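Here is how the chains run, residue by residue.
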Amino acid sequence: MIRIKTGQPEKPGKGGAAGEHAELPGSLPVDGTDATKRDAVSRETAETPAEREKALIDSTPAGRATSDDVADPDALAQLLDVGKAYGNVDALRGVDLTVRPGEVTCVLGDNGAGKSTLIKIMSGLHDYTSGTMLVAGDERHFSSPRQSLASGIATVYQDLALAPLQSVWRNFFLGNELTRGPFGVLDIKKMKAICGEELTKMGIVIPDLDRPVGGLSGGQKQCIAIARAIYFGAKVIILDEPTAALGVKQSGVVLKYIQAARDAGLGVVLITHNPHHAYLVGNHFVVLKLGRVALDASKDEVSLDELTAQMAGVSELEALEHELRKDDVTVSTSPLDVD
Ligand SMILES: Nc1ncnc2c1ncn2[C@@H]1O[C@H](COP(=O)(O)OP(=O)(O)OP(=O)(O)O)[C@@H](O)[C@H]1O
């Protein structure tokens, strides 16, 4: 189901029919007319990205602009109408997100959209202030990252929490070292063997596992952090901008690895600014704007162009361009500015 929202609608409650939402301020028009009449610019005939963005919004059936926040029995984790307020700042409001096994759910958004807040809620750093979070069907409020991890949610942050001077295998087992015998001697042989096996299983080739992690490429480091999370039992992995600091080739390595994790049956939440990367591996896309869901669509419901337009906020950019082109702008020079 695709949902596109404009403005800053309030959610009136759960499970309401379309008609209940007709009066929402700032939401899509709910006029009861044939949807085709509202498609002033059809998605097929739209030429510019702005027209396509508008067409996509116009073509959204009225009832779909409402919350579909119902528990999904197949979901590994789900946010239903979740909000987070920091004092009087609403960082997130009415957010729905479903993480299913074998799917990559991409969360896109510009600076301040609420992506970090969403990660913090799911990874146990912050609690949410409204709505419901379900993990494996149970309502959860995490009070620590440990609780989130224990319930199968692993978060891989941009800084990766790897020790650069330590070897690959040491990093793989960091904090979970295997020991043997009554004196708890590190079982280095076993750790190296498992680390090698796990990395190979997921298609990562690192010839020397004794190499310090600091010397590896950004892509390889990301893959090690993800492989580690999977090995230690994660069912859901949240990846915070994994390709943000990487070049094309290394991004490719990480995206391939994300696909491997998805194909292994994990639920992946990919947080990114990059619609191109998201579209290559994503099954479902949620665009956040100022803490609210601006678009919620599966891959067969949204094109890359439409996703990019949503991300770029094409209509906002055009308004900005228009402002810049205005020739009535006068720049006054303060006497203090004159040499
Ligand atoms: N601890 C906090 N106290 C008050 N406001 C906060 C706090 N953390 C985030 N915010 C506000 O919540 C909103 C969402 O912030 P958040 O960091 O989640 O966005 P983001 O999408 O991750 O942005 P970025 O890509 O820049 O990291 C912003 O307006 C931000 O200023």
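What you see is a predicted model, and the numbers here were worked out from it, not measured in a lab. (Residues numbered from 1 in each chain as written. Predicted model: local features only at pLDDT ≥ 70, side-chain atom pairs only at ≥ 80, totals over all residues. Heavy atoms only, no water.)

Help me get a handle on the packing of aromatic side chains, residues and values and all.
Here the structure, examined in full by the defined rule, presents seven aromatic pairs. Both rings, one in F173 and one in Y231, keep their centres 6.0 Å apart while their planes meet at 70°; by these two values the pair is edge-to-face. Of the two residues, F173 sits in the loop between α5 (168-172) and β8 (179-180) while Y231 sits in helix α7 (residues 218-231), which places them 58 residues apart along the sequence. Among the residues examined, Y231 registers a relative accessible area of 31% and is labelled partly exposed. Centre to centre, the rings of Y279 and F285 are 5.5 Å apart; their planes meet at 15°, and the pair counts as stacked. Each member of the pair, Y279 as well as F285, carries the same accessibility label: buried. By the ring-pair criterion, three or more aromatic residues cluster together here, those being F172, F173, Y231 and F232. (Phe/Tyr/Trp six-rings, centres within 6.5 Å; stacked < 30°, edge-to-face > 60°. Helix = DSSP H or I, 4+ residues; strand = E, 2+ residues; numbered from the N terminus. Buried < 20%, exposed > 50% of the residue type's maximum accessible area, 1.4 Å probe, protein only.)

Tell me about the side chain of S167, and please be specific about residues and values.
Structurally, the position occupied by S167 is in the loop between β7 (153-156) and α5. Taking relative accessible area as the criterion, S167 reaches 9% and is therefore assigned buried. When residues no more than four places from it in sequence are discounted, the contact partners of S167 are L209, D210, R211, P212 and V213. (Contact = heavy atoms within 4.5 Å.)

Now, about the site of the ligand: what can you tell me, with residues and values included?
Lining the immediate environment of the ligand, one finds Y86, A91, D110, N111, G112, A113, G114, K115, S116, T117 and H273. Within the backbone of G112, one N or O atom sits 2.7 Å away from an oxygen atom of the ligand. A distance of 2.5 Å is found between an oxygen atom of the ligand and a side-chain nitrogen or oxygen belonging to S116. Contact with the protein chains covers 59% of the free accessible surface of the ligand, which is 630 Å². The biggest single contributor to the shell around the ligand is helix α3 (residues 115-122), with three residues. Split by residue class, the shell around the ligand holds three nonpolar, six polar and two charged. (Near = heavy atom within 4 Å. Polar contact = N/O pair within 3.5 Å; in protein donor to acceptor, adjacent residues only side chain to side chain. Areas by Shrake-Rupley, 256 points an atom, 1.4 Å probe, with all protein chains shown as cover. Nonpolar A, V, L, I, M, F, W, Y, C, P; charged D, E, K, R; others polar.)

Explain the confidence of the model for the chain residue by residue, including any values.
Low pLDDT means the predicted coordinates in that region are not meant to be read closely. On average, residues of the chain carry a pLDDT of 77, and 72% of them reach 70 or more. When mean pLDDT is compared element by element in the chain, strand β4 (residues 103-109) scores highest at 95, while helix α1 (residues 35-38) scores lowest at 37. Across residues 6-43, confidence stays below pLDDT 50; counting only partners more than four residues off in sequence or on other chains, it has 60 contacts. Low pLDDT (under 50) marks residues 56-67, which in the prediction has 36 contacts with non-local residues, meaning those over four places away or in another chain. (pLDDT = per-residue confidence, 0-100.)

I'd like a rundown of the packing of α7 against helix α8 (residues 248-263), residues and numbers included.
One way to put it is that α7 packs onto α8 with a least axis distance of 8 Å and a crossing angle of 15°. Between α7 and α8, the angle is such that the two are roughly parallel. Crossing hand, α7 versus α8: right-handed. Between α7 and α8, the residues in contact are G218, G219, Q220, Q222, C223, I226, A227 and I230 and Q250, V253, V254, Y257 and A261, respectively. Tallied by class, residues from the contact of α7 with α8 come to eight nonpolar, five polar and no charged. (Axes fitted to C-alpha atoms, helices over the stretch in contact; angles between N-to-C directions. Parallel < 35°, antiparallel > 145°, perpendicular 65-115°, else oblique. Left-handed = near helix turned anticlockwise from the far one by under 90°.)

Could you give me a rundown of the pattern of salt bridges, with the residues and numbers involved?
A full pass over the atoms with the stated rule returns six salt bridges. The shortest N-O distance in the salt bridge between R93 and D90 comes to 3.1 Å. Residue classification places D90 among the partly exposed residues on the basis of a relative accessible area of 38%. By sharing partners, the salt bridges in this structure join D72, R100 and E103 into a single network. (Salt bridge = Lys/Arg side-chain N within 4 Å of Asp/Glu carboxyl O.)

So, unusual backbone geometry: which residues are in play, and what are the values?
Positive phi, close to 55°, is recorded for D81, a residue that is not glycine. Secondary-structure assignment places D81 in strand β2 (residues 77-86). The exposure class assigned to D81 is buried, which follows from its relative accessible area of 16%. Of note in the backbone geometry, A136 takes a positive phi value of approximately 50° without being a glycine. With respect to the helices and strands, the residue A136 is situated in the loop between β5 (130-135) and β6 (138-139).

Let's hear about the sheet that holds β2: which residues, and what values?
Ordered by their spatial adjacency, four strands build an open sheet running β3-β2-β5-β6, and the pairing between neighbours is antiparallel. If you trace the sheet from one side to the other, it starts and ends with β3 (89-99) and β6, each paired once. (Pairing = 2+ DSSP bridges.)

So what about the environment of A309? Which residues, and what values?
Tracing the backbone through its elements, the reader meets A309 in helix α10 (residues 304-312). Relative accessible area serves as the criterion here: at 3%, A309 is assigned to the buried category. Taking the C-alpha atoms as reference points, A309 and P275, separated by 34 residues in sequence, lie 9.3 Å from one another.

Describe helix α6 (residues 188-201), with residues and values.
Spanning 14 residues, α6 covers 20 Å between terminal C-alpha atoms, matching the ideal 20 Å at 1.5 Å per step. Those residues of α6 that are buried are in contact with α5, β9 (185-186) and α7. One or two steps after α6, the chain reaches G203, where phi turns positive at roughly 80°. (Expected span 1.5 Å × (residues − 1).)

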